[in-house]
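The lines below spell out each chain.
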Amino acid sequence: MKLKIEKKKQFEIENSKDVALWESIPCTCEKNNVMKSHPIQTCEHCRCQIAWDSVPQKAWSVKDHEGKDITINKIKLVRGKHEDIIGWEF
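Cut-off values and rules
- Residues numbered from 1 in each chain as written.
- Predicted model: local features only at pLDDT ≥ 70, side-chain atom pairs only at ≥ 80, totals over all residues.
- Heavy atoms only, no water.
- Pairing = 2+ DSSP bridges.
- Helix = DSSP H or I, 4+ residues; strand = E, 2+ residues; numbered from the N terminus.
- Phe/Tyr/Trp six-rings, centres within 6.5 Å; stacked < 30°, edge-to-face > 60°.
- Buried < 20%, exposed > 50% of the residue type's maximum accessible area, 1.4 Å probe, protein only.

Caption draft 1: Representation of the pairing of strand β3 (residues 69-72) in the model. Taken together, the four bridges between strand β2 (residues 60-63) and β3 define a ladder with antiparallel strand orientation. Paired with V62 across the bridge in β3 is I70. Hairpin connection, β2 to β3: the antiparallel pair is bridged by five residues, and G67 has positive phi, about 90 degrees.

Structure, rendered in structure tokens:
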């Protein structure tokens, strides 16, 4: 009897960059002063970092309208003017 081995597809992020433009923007937060740190004080670098951290990095499963499991293993990033993450779609 042979076992059927299912190959898992590698999780893929389309429109991903090795180094985005926002990563070169310096952080303007004062780490020892809460009132001068993001989100109270506007910091473009920290805002973009939070957006990047919200992007899924591994596959996940959802149920379709018929109740079947669908594995999401590919997403496409939507980027802004600083190449920051505005959103993503699958």
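Caption draft 2: Spatial organisation of the packing of aromatic side chains. One pass over the structure, following the stated rule, counts four aromatic pairs. Each ring, one from F11 and one from W60, has its centre 6.4 Å from the other, and the planes form 55 degrees; the classification is tilted. Of this pair, F11 sits in the segment before β1 (12-14) while W60 sits in strand β2; the two residues are 49 residues apart in sequence, bridging distant segments of the chain. Both rings, one in W88 and one in F90, keep their centres 6.5 Å apart while their planes meet at 35 degrees; by these two values the pair is tilted. A relative accessible area of 62% means that F90 is categorised as exposed. Put simply, the rings of F11, W60, W88 and F90 touch in pairs and so form one group of aromatic residues.

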